[in-house]
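Below, each chain spelled out in residue letters.
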Protein chains: 2
Amino acid sequence: MYPFSLYLPTRIFGGENCIDNLPAAINSYGKNILVVYGGGSVKKSGLLDRVRNLLKDRMITEFSGITPNPKISKVREGVKLCRDNKIDVILSLGGTSVLDCSKHIAAAVGYEGDPWDLVKDPSKIGNCLPIFAVMTMSATGSEYDGVGVTSNEETHEKLMIASDKLFPVASFLDPTYTYTVSDYQTASGAADIISHVFEQYFVLDGNPLTDGFAESMLRTVFQSTPVALKDHENYEARYNLMLASAFGCGGLLAIARAPSPWPCHAIEHELSAWYDITHGAGLAIIIPHWMRYSLNEKTAVKFAQYGYRVWNIQNSGDVNADANKAIEATADFFRKIGIPASLKELDSRITDEHFEKMADHISKAWWDLKLSFAPIDRDGIVTILRNSL
Amino acid sequence: MYPFSLYLPTRIFGGENCIDNLPAAINSYGKNILVVYGGGSVKKSGLLDRVRNLLKDRMITEFSGITPNPKISKVREGVKLCRDNKIDVILSLGGTSVLDCSKHIAAAVGYEGDPWDLVKDPSKIGNCLPIFAVMTMSATGSEYDGVGVTSNEETHEKLMIASDKLFPVASFLDPTYTYTVSDYQTASGAADIISHVFEQYFVLDGNPLTDGFAESMLRTVFQSTPVALKDHENYEARYNLMLASAFGCGGLLAIARAPSPWPCHAIEHELSAWYDITHGAGLAIIIPHWMRYSLNEKTAVKFAQYGYRVWNIQNSGDVNADANKAIEATADFFRKIGIPASLKELDSRITDEHFEKMADHISKAWWDLKLSFAPIDRDGIVTILRNSL
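Predicted model only: the values in this text are computed from it and were never measured. (Residues numbered from 1 in each chain as written. Chains lettered and ligands numbered in written order. Predicted model: local features only at pLDDT ≥ 70, side-chain atom pairs only at ≥ 80, totals over all residues. Heavy atoms only, no water.)

**Considerations on the overall build of chain A**
And step 1. From N to C terminus, chain A includes 16 helices and eight strands.
And step 2. Seen along its three principal axes, the alpha-carbon backbone of chain A occupies a region of about 65 × 45 × 40 Å.
And step 3. The buried share of chain A, taken over its 389 residues, is 62%.
And step 4. When contacts within chain A are restricted to residue pairs at least 6 apart in sequence, long-range pairs at least 24 apart make up 79% of them.
And step 5. In the structure as shown, chain A presents an accessible area of about 14400 Å², 50% of it carried by carbon and sulfur atoms. (Helix = DSSP H or I, 4+ residues; strand = E, 2+ residues; numbered from the N terminus. Buried < 20%, exposed > 50% of the residue type's maximum accessible area, 1.4 Å probe, protein only. Contact = heavy atoms within 4.5 Å. Areas by Shrake-Rupley, 256 points an atom, 1.4 Å probe, with all protein chains shown as cover.)

**Description of the relation of the copies chain B and chain A**
And step 1. In screw terms, the move from chain B to chain A is a rotation of 180° and a rise of 0.0 Å along the axis, fitting with an RMSD of 0.0 Å. Accordingly, the operation relating the two chain copies is best matched by a two-fold axis. For chain B, the smallest separation between a C-alpha atom and the rotation axis is recorded for proline 9 of chain B, amounting to 2.1 Å.
And step 2. Both copies contact each other with a shared surface, as 100% of the interface residues of chain B are interface residues in chain A too. (Least-squares fit on C-alpha atoms with pLDDT ≥ 70 in both.)

**Some points on the UniProt feature "domain: Alcohol dehydrogenase iron-type/glycerol dehydrogenase GldA" (unreviewed entry) in chain A**
And step 1. This chain's UniProt record puts "domain: Alcohol dehydrogenase iron-type/glycerol dehydrogenase GldA" (unreviewed entry) on residues 9-175 of chain A.
And step 2. Secondary structure within residues 9-175 of chain A divides into 28% helix and 26% strand; the distance between the first and last C-alpha atoms comes to 22 Å. (UniProt positions renumbered as here; feature names shortened; annotations may be inferred.)

**What to know about the pairing of strand β8 (residues 170-173) of chain A**
Residue and element names in this part refer to chain A.
And step 1. Alternating residues of β8 divide into Ala170 and Phe172 and Ser171 and Leu173, and every residue in both groups is buried.
And step 2. Looking at chain direction, strand β1 (residues 4-14) and β8 are connected through four bridges and run parallel. When the bridges of β8 are listed, isoleucine 12 appears paired with serine 171.
And step 3. Here three bridges tie strand β5 (residues 131-135) to β8, and the two strands are oriented parallel to one another. Along β8, the bridge assignment pairs alanine 133 with serine 171. (Pairing = 2+ DSSP bridges.)

**Here's the deal with the pairing of strand β6 (residues 147-152) of chain A**
And step 1. The element β6 of chain A is largely enclosed, with a buried count of five among its six residues.
And step 2. Between β6 of chain A and strand β7 (residues 157-162) of chain A, which pair antiparallel in sequence order, lie four residues; one of them, histidine 156 of chain A, sits at a positive phi of approximately 55°.

**Describing the interface of chain B and chain A**
And step 1. On the chain A side, the residues contacting the 37 residues of chain B number 37 residues.
And step 2. Overall, the association of chain B and chain A removes approximately 3200 Å² of surface from exposure, summing both partners, and the carbon and sulfur fraction of that is 63%.
And step 3. At the junction of chain B and chain A, the tally comes to two salt bridges.
And step 4. Here aspartate 164 of chain A makes a salt bridge to arginine 11 of chain B, at a shortest N to O gap of 2.8 Å.
And step 5. Run the count over chain B and chain A and you get twelve residue pairs in polar contact (both at pLDDT 80 or more).
And step 6. Those elements giving two or more residues to the side of chain B that touches chain A turn out to be β1 (4-14), α8 (208-230) and α9 (235-246) of chain B. (Buried area = accessible area lost by both parts, 1.4 Å probe. Salt bridge = Lys/Arg side-chain N within 4 Å of Asp/Glu carboxyl O. Polar contact = N/O pair within 3.5 Å; in protein donor to acceptor, adjacent residues only side chain to side chain.)

**A closer look at helix α9 (residues 235-246) of chain A**
All names here are of chain A.
And step 1. Helix length check: α9, at twelve residues, gives a terminal C-alpha distance of 17 Å against a target of 16 Å (1.5 Å per residue), a fit within 8%.
And step 2. In terms of residue burial, α9 counts as a mostly covered element, since ten of its twelve residues are buried.
And step 3. Burial in α9 covers these residues: Ala237, Arg238, Tyr239, Asn240, Leu241, Met242, Leu243, Ala244, Ser245 and Ala246. (Expected span 1.5 Å × (residues − 1).)

**Quick word on the environment of glycine 141 of chain B**
Residue and element names in this part refer to chain B.
And step 1. Mapped onto the elements of the fold, glycine 141 is located in the loop between β5 (131-135) and β6 (147-152).
And step 2. Residue classification places glycine 141 among the buried positions, given a relative accessible area of 0%.
And step 3. Residues glycine 141 and glutamate 154, 13 residues apart in the sequence, show an inter-C-alpha distance of 27 Å.
And step 4. In contact with glycine 141, other than residues within four places in its own chain, are Ser245, Ala246 and Cys249.

**Quick notes on the side chain of serine 342 of chain B**
And step 1. One can find serine 342 of chain B in the loop between α13 (319-336) and α14 (343-346).
And step 2. Beyond its immediate stretch of four places on either side in the chain, serine 342 of chain B contacts Ile285, Ser388 and Leu389 of chain B.

**Topic: unusual backbone geometry**
Most peptide bonds take the trans form, and the phi angle of most residues other than glycine is negative.
And step 1. Notably, alanine 256 of chain A is not glycine yet its phi reads approximately 60°, a positive angle.
And step 2. You can see alanine 256 of chain A is positioned in the loop between α9 and α10 (263-275).
And step 3. You can call alanine 256 of chain A buried: its relative accessible area is 0%.
And step 4. Although it is not a glycine, lysine 86 of chain B sits at a positive phi angle of roughly 45°.
And step 5. Within the element layout of this structure, lysine 86 of chain B appears in the loop between α4 (72-84) and β4 (89-94).
And step 6. With a relative accessible area of 63%, lysine 86 of chain B lands in the exposed category.

**Examining the domain arrangement of chain A**
Residues and elements named next belong to chain A.
And step 1. Parsing chain A into structural domains produces domain 1 (11-177) and domain 2 (182-388).
And step 2. A C-alpha centroid distance of 27 Å is found between domain 1 and domain 2.
And step 3. The interface of domain 1 with domain 2 comprises 25 residues on the first partner and 26 residues on the second.
And step 4. Carbon and sulfur atoms supply 62% of the area buried between domain 1 and domain 2, which totals about 2200 Å² over both sides.
And step 5. Taken as a group, His156, Lys158 and Pro175 account for 28% of the area that domain 1 buries against domain 2, more than any other trio of residues on that side. (Domains from an automatic or database assignment.)

**Looking at the environment of alanine 326 of chain B**
And step 1. Topologically, alanine 326 of chain B is positioned in helix α13.
And step 2. Once the C-alpha coordinates of alanine 326 of chain B and tyrosine 308 of chain B are considered, the two residues, 18 residues apart in sequence, prove to be 8.0 Å apart.

**Remarks on the packing of aromatic side chains**
And step 1. Applying the stated rule across the entire model yields 49 aromatic pairs over all chains.
And step 2. An aromatic cluster is built from Phe198, Tyr201, Phe202, Trp262, Trp290, Phe303, Tyr306 and Phe373 of chain A, whose rings are joined through pairwise contacts.
And step 3. Stacked on the ring of tyrosine 7 of chain B, the Lys or Arg arginine 11 of chain A has its end atom at 3.8 Å from the ring centre.
And step 4. Cation over ring: lysine 302 of chain B sits above tyrosine 201 of chain B, and NZ or CZ is 4.4 Å from the ring centre. (Phe/Tyr/Trp six-rings, centres within 6.5 Å; stacked < 30°, edge-to-face > 60°. Lys NZ or Arg CZ within 6 Å of the ring centre and 35° of its normal.)

**Focus: the pattern of salt bridges**
Side chains that differ in charge, positive against negative, can pair when their charged atoms come close.
All names here are of chain A.
And step 1. Applying the stated criterion across every chain yields a total of 49 salt bridges over all chains.
And step 2. Measuring nitrogen to oxygen at the nearest pair gives 3.3 Å for the salt bridge that ties lysine 302 to aspartate 211. In this pair, lysine 302 is assigned in helix α12 (residues 300-311) and aspartate 211 in helix α8 (residues 208-230), connecting sequence segments 91 residues apart. With respect to burial, lysine 302 and aspartate 211 carry one shared label: buried.
And step 3. Sharing partners across several salt bridges, the network here consists of Asp352, Glu356, Asp360, Arg378, Asp379 and Arg386.

**Description of the packing of helix α7 (residues 183-201) of chain A against helix α11 (residues 279-294) of chain A**
All names here are of chain A.
And step 1. Remark: α7 packs on α11, axes separated minimally by 7 Å, with the N-to-C direction vectors making an angle of 50°. With respect to α11, the element α7 is oriented oblique. Seen from above, α7 lies across α11 with left-handed handedness. Within the contact between the two elements, α7 uses Tyr184, Ser188, Ala191, Asp192, Ser195 and Phe198 and α11 uses His279, Gly280, Ala281, Leu283, Ala284, Ile287 and Met291.
And step 2. Taken together, the residues of the contact of α7 with α11 sort by class into eight nonpolar, four polar and one charged. (Axes fitted to C-alpha atoms, helices over the stretch in contact; angles between N-to-C directions. Parallel < 35°, antiparallel > 145°, perpendicular 65-115°, else oblique. Left-handed = near helix turned anticlockwise from the far one by under 90°. Nonpolar A, V, L, I, M, F, W, Y, C, P; charged D, E, K, R; others polar.)

**Some remarks on α8 of chain A**
Residues and elements named next belong to chain A.
And step 1. Over its 23 residues, α8 extends 34 Å from the first C-alpha to the last, a length consistent with the 33 Å expected when each residue adds 1.5 Å.
And step 2. The axis of α8 is deflected most strongly, by about 25°, at serine 224, and proline proline 226 appears within four residues downstream.
And step 3. The buried count for α8 comes to 18 of 23 residues, which makes it a mostly enclosed element.
And step 4. In this structure asparagine 207 caps α8, since a side-chain oxygen of it lies 3.1 Å from the backbone nitrogen of leucine 209. (Bend = angle between axes of the 7 residues up to and from the residue.)

What follows is the structure in structure tokens.
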């Protein structure tokens, strides 16, 4: 069991109409608010109007057009807008992409150089604007962590900006705002939550407390996703997914555990940087192949534990067989919620052309994957990519 | 599933030697530090010397002699000391009692009236001194919440002081500091953690995510306590208990759940206020009697779920029988870790003399117990007290 520090300063509001707490929560943070959003969905749903009404005594500047896998060029644009309008607070309305872009802007406003520098050297992050987040998707856990991900379209990089200062001051989780999320995005978001949990569950040294937390997260997502897909306005299923999303990334599941890097995240980030695919869907394709690649004498026990506790697989006495069942249950789940079966099916542009380059970049830019749950090298990454194709 | 807000601003440091993070963490909070502790154990263990050494560039004022079930008279004494020495920060070294007393002092220094007022009317809590906590026991979760409990020896009351402002800025959980905790205190602390989880688990309306979190907490404590009692210096068992303690009370287990009041806590607080017994031990005696009293057609399903998931009881098809097994497994556990079997055995002074008064006070001072998992009235409380005698 490892040393750790856990810091989760965001105030989380959950439940229908929890946005009514926004005016009181934002009150002491200033008059000039940058409201960041993507396209028309927050207009169509009425969320933007509701926010305008809740904050009618404030100066609001709107910044829209944030796309999935937000781009550094958009961050630069937002920074200029903040400076021109003397923005005090950033309010993100949307999913992870909008929030991640908001975080990068919040950090870059107080920095004189180019915003991309902050990704390369987090020590350059100084004062950040306070961030408030109204979530309209359940996915990455950005609502309860200090991390954002930005893509650099010039360098084909997709990297994290991370700082304790980038935790939202408050996040608002109203399940009804996720009713209109498409099937594909709901499934991709679920895959994203699952991948965050796996990342912290399949490690070299865990502990019973957070193993149990992780298993509860997984059971909840596996049970709630099909319900939410069948009945888009199922309040309980949508609420469960929002809660699970929030606890995926902030550190709760990582306490007192070995810091084992997880290759799937790195692999998917490379794919997204080259092909701009949906993060969660890419992960869901890679994960079963990573599991199959990683199953061995040492790792079978944990895969089997996952099967017994999360999938209610009966202990057959054959750990390896039980581990295999758990892996195939995972692959089945992703198929059943409508995730494409291969990278090619996800995006016909994808070929093995850049796989070697991706593996090289992972070896350089990410953590040492030899320390992961099942050690893996550059060639192993290429193998998983080819199997996923 | 209910609306909620969750706020856990404390920074938690965990693991052996995590106290080395204290100087950096406390750095910006001021020069004058009140170090609060109980008796000689922090001297004997070397913790006090280590803290003095870590903070040797600060002005330290010591305040010792904090007893279990800390008294309002001691709070008044601490407040005077803070004012006389222009204290900037309070550093608590010890278990819950020391930390709870520290919290009450931190809140009362900025208040002109009597500190007991703040228990009766939390709206009177203004600015609070920042609190840092080095824990030497696993029990109440005070290290990760904004609540303290103080006894008023004149009025026989034991009540909470609660405010978001009373979360410690940082808490330090080094399992090795709990190696010298006696068997009885280890067992009582475990009972306290368990009771906090039950309080949030046995509610009218839960959700699968936090049900699973709670079940993981319970399994961890049920497994780790006997190990820690057998081998006092078992790092993993002690670490597990410290982690479980931290998440017992801050709100994590209560998100999106019905706010159902739990009678056991109220009953035990009455007993402590009259007889100054150990909180956790009192709870462990009462809990099985509350469970037996509360088992009925409606509640059996949840008691059985608890049995299946926490005690690995096989589903017999008879929910009521399975629920009973789970209840008796709980009673067995408390017996096996050395908790006295009855209130009389715990403290020979206890008779039924004040039971009616206690039940009256609970009806007045606590939440409406008719809204609890199994509704209970004044007579029900007297029944549980008599059965526990």
